[in-house]
Amino acid sequence: VKAKNDVLVVGGGPVGLFSALCLAERGIGVRVFDSQWQGAVHSRALALHPESLRLFDELGVANLILPQGHRIERVAYYEDDKRQAEVDVTKVGGTFPFVLVVSQSLLETALERALSERGVKVQRNHQVQRLEARDGSVAVEVARLEKASVGYGVMHTEWEIDKIFELDTPFVIGADGRESSVRPTVTESETLGPTDRFAVFEFAAPLDVQNEVRVALSDNSSNVLWPLAPGRGRWTFQRTEPALPDKPEEQILWGFVQARAPWFRTRQLEVEWSARVHFDRRLVSRMGQGRRWLAGDAAHSTNPIGVQSMNVGLREAHDLAARVSAILHGGASMSVLDEYDAKWRGDFKRLIASEVQFESGTEPWLGRHASRLVSTLPASGSDLVRLLGQLRMKLA
Ligand SMILES: Cc1cc2nc3c(=O)[nH]c(=O)nc-3n(C[C@H](O)[C@H](O)[C@H](O)COP(=O)(O)OP(=O)(O)OC[C@H]3O[C@@H](n4cnc5c(N)ncnc54)[C@H](O)[C@@H]3O)c2cc1C
């Protein structure tokens, strides 16, 4: 199949969907392939930064999710039983001076709806298997998967390859997440720090905290409580022990609370969903090459507390779509993509490094946790600079 002025987006997660939406808005023909038969079913990345909301508003998506989201206006810091500091998110100003808690599944549904209104339908069960740079295009091999009943006696369902086909496309955006298939065809990933392990618990409880994220710092861990909605929350604890006890999830959660957040006294916690998840601190050596470019988790990953990888990915998607459409429709030089590489790799490297400088008057306890503070703030770019400023700190 030969398509003119067409971009293939690999991955129908938040970053891939948003890339496609930004391209469609600019009149670029776009296709989205995702290997899974359905989108995210749990919250996973659970919040949109103010800047993401501003970009969503530009594309008319903000009003689809605002009524269903939960607003966060403050980040509070705790150590042991003591509330140490508070950051006022509303001070970032603008139309959306807050962080919006919204489940990844809801986010993806809203983006898919906006895409379908522009005539683009996500093609699920389409797994990109191979990419090859050609002169002026990229050859892509795709496997279409279908459900098959297999087994003898006891039947069960598996996904099988129904058909393999090849297409030729002027550009590929790899937004295919942490196990990206596009990434190894263009670049390598560098590990820039230790892997962090977390235990995540979503629970129902009578919560007193409504519009505030609470970060509990200890000598060797960052932990966070996100309110999801009235009466629901998510605790994420950084794991420092090799194994967790073999106990019911409620007891494991309560053990973490007692050790890391003694100020949290709501004992009646009903765990609705839990997961163990690890996050590498990694960044690609290049954001792309030629006609294959990356955005989101395909390109990077860091500590999840401030939900930075996905939100930076949304900003990358917006910028990459503008650059690609300037090349396809506006005759811009391919060098605009080198600028994309330099900007976003530089920004993410600073996020992972998390090096900060203190202004005079910084609280001493902040010094002890300096290396972990950047990743706990739900912001990036100039908003992050503003929020850090409230703690009398700036990015080095
Ligand atoms: C349990 C859990 C909890 C999490 N909690 C947090 C959190 O608290 N904070 C935080 O910041 N982040 C969290 N994350 C990570 C967060 O989900 C990601 O940062 C976010 O989803 C990145 O978005 P993305 O669009 O870049 O990639 P993804 O959402 O990973 O989307 C990639 C898409 O590409 C598709 N795909 C992959 N390979 C192919 C292929 N070869 N062909 C076609 N399609 C392909 C996949 O099916 C997927 O739909 C969590 C993740 C998990 C699993």
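Summary of the structure given here. (Residues numbered from 1 in each chain as written. Predicted model: local features only at pLDDT ≥ 70, side-chain atom pairs only at ≥ 80, totals over all residues. Heavy atoms only, no water.)

### Considerations on the overall build of the chain
Argument step 1. Looking only at helices and strands, one finds 11 helices and 22 strands in the chain.
Argument step 2. Taking 2.2 N^0.38 as the reference for a compact globule, 396 residues should give roughly 21 Å; the C-alpha atoms of the chain span a radius of gyration of 22 Å, in line with that estimate.
Argument step 3. In the chain, which comprises 396 residues, the proportion classed as buried is 55%.
Argument step 4. For the chain, long-range pairs separated by at least 24 residues make up 71% of all intrachain contacts whose partners lie at least 6 apart in sequence.
Argument step 5. For the chain, the accessible area works out to roughly 16,700 Å², and carbon and sulfur atoms hold 46% of it.
Argument step 6. Within the chain, one finds 48 positive and 51 negative side-chain charges whose respective centroids are separated by 2 Å. (Helix = DSSP H or I, 4+ residues; strand = E, 2+ residues; numbered from the N terminus. Rg over C-alpha atoms; globule rule 2.2 N^0.38 Å. Buried < 20%, exposed > 50% of the residue type's maximum accessible area, 1.4 Å probe, protein only. Contact = heavy atoms within 4.5 Å. Areas by Shrake-Rupley, 256 points an atom, 1.4 Å probe, with all protein chains shown as cover. Lys, Arg positive; Asp, Glu negative; His and termini not counted. Charge placed at Lys NZ, Arg CZ, Asp CG, Glu CD.)

### Let's talk about the side chain of Asp 6
Argument step 1. Its location among the elements puts Asp 6 in strand E1 (residues 6-10).
Argument step 2. For Asp 6, the side chain forms a polar contact with the side chain of Arg 31, separated by 2.6 Å. (Polar contact = N/O pair within 3.5 Å; in protein donor to acceptor, adjacent residues only side chain to side chain.)

### Here we look at the site of the ligand
Argument step 1. Neighbouring the ligand are 28 residues, the closest being Val 15, Asp 34, Val 128, Arg 234 and Asp 297.
Argument step 2. Between Gln 104 and the ligand, the recorded distance is 3.0 Å, taken from a side-chain N or O atom to an oxygen atom.
Argument step 3. A distance of 3.0 Å is found between a nitrogen atom of the ligand and a backbone nitrogen or oxygen belonging to Val 128.
Argument step 4. In isolation the ligand has 990 Å² of accessible area, and contact with the protein removes 86% of it.
Argument step 5. Tallying contributions element by element places strand E9 (residues 126-134) first for the shell around the ligand, with 3 residues. (Near = heavy atom within 4 Å.)

### Observations regarding the sheet that holds strand E4 (residues 70-72)
Argument step 1. The sheet built from 3 strands is open, its strands ordered E3-E7-E4 with antiparallel pairing. Two strands in the sheet have a free side with no partner beyond their single neighbour: strand E3 (47-48) and E4.
Argument step 2. Where E3 and strand E7 (residues 99-101) come together, 2 bridges link them in antiparallel fashion. Residue pairing across strands places Leu 48 opposite Leu 100, the latter belonging to E7. (Pairing = 2+ DSSP bridges.)

### What about empty space enclosed by the protein?
Think of a ball as big as a water molecule: rolled over the atoms, this probe shows where empty space is left.
Argument step 1. A complete count under the given rule lists 2 cavities of 30 Å³ or more for this structure.
Argument step 2. Taken as a whole, the largest cavity encloses approximately 80 Å³ of empty space.
Argument step 3. Contributions of two or more residues to the lining of the largest cavity are made by helix H8 (336-353) and helix H10 (370-373).
Argument step 4. Its residues placed into classes, the lining of the largest cavity shows 2 nonpolar, 5 polar and 3 charged.
Argument step 5. A volume near 30 Å³ is recorded for the second largest cavity.
Argument step 6. Mapped onto the lining of the second largest cavity, the elements with two or more residues apiece are strand E13 (189-204), strand E17 (270-284) and H8.
Argument step 7. Split by residue class, the lining of the second largest cavity holds 3 nonpolar, no polar and 3 charged. (1 Å grid on protein atoms, 1.4 Å probe; cavity = no way out; pocket = protein on both sides within 12 Å on 5 of 7 lines; lining within 4 Å. Points joined across faces, edges and corners; volume = space filled by probe spheres on them. Nonpolar A, V, L, I, M, F, W, Y, C, P; charged D, E, K, R; others polar.)

### Quick notes on unusual backbone geometry
Argument step 1. You will see that Asp 80, though not glycine, has its phi angle at about 50°, which is positive.
Argument step 2. Structurally, Asp 80 is set in the loop between strand E5 (74-79) and strand E6 (82-88).
Argument step 3. By relative accessible area, which is 56% here, Asp 80 ends up exposed.
Argument step 4. Despite not being glycine, Asn 125 has its phi angle at roughly 60°, a positive value.
Argument step 5. In this structure, Asn 125 sits in the loop between strand E8 (123-124) and E9.

### Quick look at the packing of helix H2 (residues 50-58) against helix H7 (residues 308-330)
Argument step 1. Remark: H2 packs on H7, axes separated minimally by 9 Å, with the N-to-C direction vectors making an angle of 35°. Once H2 is placed against H7, the crossing between them reads as left-handed. On H7, the residues that touch Glu 51, Ser 52, Leu 55, Phe 56 and Glu 58 of H2 are Asn 311, Leu 314, Arg 315 and His 318.
Argument step 2. In terms of residue class, the contact of H2 with H7 is built from 3 nonpolar, 3 polar and 3 charged. (Axes fitted to C-alpha atoms, helices over the stretch in contact; angles between N-to-C directions. Left-handed = near helix turned anticlockwise from the far one by under 90°.)

### Digging into H8
Argument step 1. With 18 residues, H8 should cover 26 Å at 1.5 Å per step; its first-to-last C-alpha distance of 26 Å lies within 8% of that length.
Argument step 2. Every buried residue of H8 is listed here: Val 336, Leu 337, Tyr 340, Asp 341, Trp 344, Phe 348, Leu 351 and Ile 352. Summarising the axial view, the buried residues of H8 lie within an arc of 150°, below the 170-degree limit, and thus occupy one face.
Argument step 3. Positioned one or two residues after H8, Ser 354 has a phi angle of 55°, which is positive. (Expected span 1.5 Å × (residues − 1). Arc of directions from axis to C-beta.)

### Examining the packing of helix H1 (residues 14-25) against H7
Argument step 1. Relative to each other, H1 and H7 sit at 30°, their axes nearing to 8 Å. Looking at the two axes, H1 sits roughly parallel to H7. Of the two elements, H1 crosses H7, and the hand of that crossing is right-handed. Along its contact with H1, which presents Pro 14, Val 15, Phe 18, Ser 19, Cys 22 and Leu 23, the element H7 presents Met 310, Gly 313, Leu 314, Ala 317, His 318, Ala 321 and Val 324.
Argument step 2. When grouped by side-chain class, the residues that make up the contact of H1 with H7 number 10 nonpolar, 3 polar and no charged. (Parallel < 35°, antiparallel > 145°, perpendicular 65-115°, else oblique.)

### A word on the pairing of strand E2 (residues 29-34)
Argument step 1. By the criterion of burial, E2 is predominantly enclosed, with 5 of the 6 residues buried.
Argument step 2. As paired elements, E1 and E2 share 5 bridges and run parallel to each other. By the bridge assignment for E2, Asp 6 is matched with Gly 29.
Argument step 3. With H1 bridging E1 and its parallel neighbour E2, the resulting β-α-β unit is right-handed.
Argument step 4. Where E2 and E8 come together, 2 bridges link them in parallel fashion. Within E8, the position partnered with Phe 33 by the bridge is Gln 123. (Right-handed = clockwise from strand over helix to strand, strands pointing away.)

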